[in-house]
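The primary structure of each chain is shown beneath.
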Amino acid sequence: MVEPSRSRFWFEGRSHDAEPGRTVLDRLLRHGLPSLQRSPRYHRPRAPFCGIGQCTGCLVRVNGRPNVRACRYVPGEGDRVETENAWPSRRFDLLAAFDVMFPNGIDTLHGFRRPAFMTPLYHRVIRRLAGYGQPPSRESATELRGPPRVGSADVLIVGAGRSGRVAAEALVAEGRHPILLDRRADVAPVAGADVWASTTASFLPPRPSTPGAAFDLIGYTEPARGVLVRAPQVIVATGSYDASLLFGSNDRPGVLTGDGALGFARSGSPAPFHHAVVFGAGDRARVVLDELGDHVSALVAPGEIPPETVRVASAAGIPLYPRSLLCTTEGRSRVRAVEIRARGNGSSTRLECDAVVLVHRRLPNGQLFFQAGARMNWRAGTGSYYPVVGDDGATSVPGLWAIGSASGTVGAASVGSGERVAAAVTGGSLPLSPLERVRSDGSNELEGYYRELVRIPRRGRWIACPCEDVLLEEIEQTTRAGYRGVEVVKRYSGLGTGLCQGRYCLPDALLLLSIAEGRPPSEVGYITQRPPVHPTPIAALAALDGVLTPAEGT
Ligand code: FES
């Protein structure tokens, strides 16, 4: 029997098998956790952090197109994958000298102004040395301008996680034919629904002003198509994700979110660590202990550790460090140890490890609600904003619905909320008992934690915004200069303006600014959430010209 020829892609001059449904990162993880790129200002080595297409830790250049996420891109025959932002190589980058030369940060916003006649030259040089890679090649830009994918449905569901799928199945059972889209490549089909994988979408303003008018969403489908979807009812099921944390050298390769650690281990590749420190003690920590306990060497928690977690960790012989501050990581190109300190001015301890897994809080992917103009509420349980929703999932915007963990529901109710929304959308009814939701009153556990943390002596770079390399010192400088509110701080420092659109820096920034400004986090404000919610090639959006006509009622 003749074996079918295998497709191959190229990475750094070596060819690798390209398997259907397997991403570039899946393939590279077989050789351990790769450092794929350098950060934009200080050229610090960066490695995959989230594994779910939301951070800037795995950006690569594919066939001349910059900033493609290796954890999302499924390579095809002959694809050329390269690293970005490093010279001469990602392992040895001469430009990393910036990290040493500017210990207090490169002030590109306000510095480099004297003598004035040199300013244009300074700016040209800085633009070449910092930022996200080089512009796309002419060929890749042309390819992106290909015919877009255009669709319409009476109901669009954004997010094909458990609650999104439950909603899709319930709608199909009622005779509807929804479109279900998700940015993952490996989305299982739902009979009767149109499933668009590897697709992102954002609301196109202005939103409809008349009842029943359709929403327009624009976005992108990998590998190279702009997307326009039109639907009068949109169900947002975008789920939640494991948050980041501020500490010294928090961007060192080996620092991972729980999403990343679990996703990499579940991808079929060997776990990319052997003795990790887990930070967090709730349900999510127990999932990591259950699945990766053999690869965990210690569990550190910001507060007390629940008895159930103590039981699971003790059974696996994992030492516990409750009520501790995670102060800094150590290591050269990878985490080799962490320093922790008992809270309340306690002593410090050094723990050897090869990874840090962050599972201390889970946050909602709520950008689409902000974009659509839905009323939002601060919930202290996670320290985040959620849409104001009824028990049937209706938001304050007619035709916009919220389900699953993005809507603030927790536990089993989170999945069941998909059925309720489907019933409400089709005019049916289900008995509506109140859903269990994230706690809205009191304070978030991390507020007290950060109050202590910011007072300890600092070692290493404290990166407040990894996408833009904004340091904690720069945020502090901004507040000392009298700027108040996160929107103003964003404009002054660049925090929250990177490719993750503030997902990983804003939640901590809100807590830190609330401490600095002496008011509750809910009063610090929020940054404007403009489309797109995920990086989208401009050429792909330009290809929508001609198919984009004003929706009825807008
Ligand atoms: S690891 Fe790929 S985007 Fe975060």
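## Thoughts on the overall build of the protein
Argument step 1. Counting its secondary structure elements, the protein contains 15 helices and 30 strands.
Argument step 2. Rg of the C-alpha trace for the protein: 23 Å, near the compact-globule value of 24 Å for 554 residues, within the 12% margin.
Argument step 3. The buried share of the protein, taken over its 554 residues, is 55%.
Argument step 4. Within the protein, the 54 negative side-chain charges are centred at a point lying 5 Å from the centre of the 64 positive side-chain charges.

## Considering the packing of helix α5 (residues 162-173) against helix α10 (residues 412-425)
Argument step 1. For the pair α5 and α10, interaxial distance at closest approach is 7 Å and the crossing angle is 35°. When the axes of α5 and α10 are compared, the crossing they make is right-handed. Residue-level inspection shows R162, S163, V166, A167, A170 and L171 of α5 in contact with α10, the latter providing S414, V415, G418, E419, A422 and V425.
Argument step 2. Taken together, the residues of the contact of α5 with α10 sort by class into seven nonpolar, three polar and two charged.

## Concerning the domain arrangement of the protein
Argument step 1. Segmentation of the protein into domains returns domain 1 (7-143), domain 2 (149-241 + 367-425) and domain 3 (252-360).
Argument step 2. A separation of 33 Å is found between the C-alpha centroids of domain 2 and domain 3.

## Quick notes on the pattern of salt bridges
Argument step 1. Throughout the structure, instances matching the rule amount to 34 salt bridges.
Argument step 2. Of the charged contacts in the structure, one is a salt bridge between R44 and D99, with a shortest N-O distance of 2.9 Å. Separated by 55 residues along the polypeptide, R44 in the loop between β3 (37-38) and β4 (45-46) and D99 in helix α2 (residues 97-101) bring together distant segments of the chain.
Argument step 3. For R44, a relative accessible area of 9% corresponds to the buried category.
Argument step 4. R65 is paired through a salt bridge with E222; the nearest N and O atoms lie 3.0 Å apart.

## Considering the sheet that holds strand β22 (residues 337-342)
Argument step 1. Reading across the sheet, the three strands line up as β21-β22-β23 and stay open at both edges, with antiparallel pairing between neighbours. The open sheet terminates on both sides in strands that have one partner only, identified here as β21 (324-330) and β23 (348-352). Averaged over all adjacent pairs, the angle separating strand axes in this sheet is 25°, with direction ignored.

## Let's talk about the pairing of β23
Argument step 1. Where β22 meets β23, five bridges bridge the pair, whose relative direction is antiparallel. What sits directly across from I340, in β23, is T349.
Argument step 2. Between β22 and β23, which pair antiparallel one after the other, the connecting turn spans five residues, and G344 there sits at a positive phi close to 80°.

## Some remarks on helix α11 (residues 445-453)
Argument step 1. The set of residues buried in α11 consists of L446, E447, Y449, Y450, E452 and L453.
Argument step 2. Buried residues belonging to α11 abut β18 (276-279), β21 and α14 (506-517).
Argument step 3. Of the residues that open α11, the one with a side-chain oxygen 2.9 Å from the backbone nitrogen of L446 is N444.

## Describing the environment of G151
Argument step 1. Take G151: it is sitting in strand β8 (residues 149-152).
Argument step 2. Taking the relative accessible area as the measure of exposure, G151 reaches 15% and is therefore buried.
Argument step 3. Taking the C-alpha atoms as reference points, G151 and S429, 278 residues apart in sequence, are found 28 Å from one another.

## Thoughts on the packing of aromatic side chains
Argument step 1. Taken as a whole and assessed by the stated rule, the structure comprises 12 aromatic pairs.
Argument step 2. Note on Y449 and Y450: the rings are 5.7 Å apart at their centroids and 70° apart in plane angle, and the pair reads as edge-to-face. Per residue, the accessibility class of Y449 equals that of Y450, and both read buried.
Argument step 3. Above the face of the W196 ring, R149 is positioned so that its terminal group lies 4.0 Å from the ring centre.

## Quick word on the sheet that holds strand β24 (residues 355-358)
Argument step 1. Ordered by their spatial adjacency, five strands build an open sheet running β17-β24-β18-β19-β20, and the pairing between neighbours is parallel. Every other strand in the sheet has two partners, leaving β17 (255-257) and β20 (320-321) as the edge strands with one partner each.
Argument step 2. Looking at chain direction, β18 and strand β19 (residues 296-300) are connected through four bridges and run parallel. Bridging across to β19, V278 finds its partner in L299.

## Here we look at the environment of G418
Argument step 1. Relative to the assigned elements, G418 resides in helix α10.
Argument step 2. Overall, G418 belongs to the buried group, its relative accessible area being 0%.
Argument step 3. Beyond its immediate stretch of four places on either side in the chain, G418 contacts S163, V166, A167 and I403.

## Focus on the state of the cysteines
Argument step 1. Going through the model one piece at a time under the given rule, you end up with zero disulfides.
Argument step 2. As a non-bridged cysteine, C505 has C465 as the owner of its nearest cysteine sulfur, 4.0 Å distant.

## Topic: the side chain of E84
Argument step 1. Assignment of secondary structure puts E84 in the loop between β7 (80-82) and α2.
Argument step 2. Buried E84, no salt bridge; nearest opposite-charge side chain is R61, N-O distance 4.5 Å.
Argument step 3. Here N67 takes part through its backbone nitrogen, which lies 3.2 Å from a polar atom of the side chain of E84.

## A few points about the side chain of N365
Argument step 1. Its place among the elements puts N365 in the loop between β25 (362-364) and α9 (367-372).
Argument step 2. On the basis of relative accessibility, which here comes to 7%, the residue N365 falls in the buried class.
Argument step 3. Of the polar contacts made by the side chain of N365, one reaches the side chain of R503; its length is 3.0 Å.
Argument step 4. Those residues in contact with N365 that lie beyond four places of it in its chain are Q54, R183, T238, G239, S240, Y241, A406 and R503.

Procedures and definitions
Residues numbered from 1 in each chain as written. Predicted model: local features only at pLDDT ≥ 70, side-chain atom pairs only at ≥ 80, totals over all residues. Heavy atoms only, no water. Helix = DSSP H or I, 4+ residues; strand = E, 2+ residues; numbered from the N terminus. Rg over C-alpha atoms; globule rule 2.2 N^0.38 Å. Buried < 20%, exposed > 50% of the residue type's maximum accessible area, 1.4 Å probe, protein only. Lys, Arg positive; Asp, Glu negative; His and termini not counted. Charge placed at Lys NZ, Arg CZ, Asp CG, Glu CD. Axes fitted to C-alpha atoms, helices over the stretch in contact; angles between N-to-C directions. Left-handed = near helix turned anticlockwise from the far one by under 90°. Contact = heavy atoms within 4.5 Å. Nonpolar A, V, L, I, M, F, W, Y, C, P; charged D, E, K, R; others polar. Domains from an automatic or database assignment. Salt bridge = Lys/Arg side-chain N within 4 Å of Asp/Glu carboxyl O. Pairing = 2+ DSSP bridges. Polar contact = N/O pair within 3.5 Å; in protein donor to acceptor, adjacent residues only side chain to side chain. Phe/Tyr/Trp six-rings, centres within 6.5 Å; stacked < 30°, edge-to-face > 60°. Lys NZ or Arg CZ within 6 Å of the ring centre and 35° of its normal. Disulfide = S-S within 2.5 Å.

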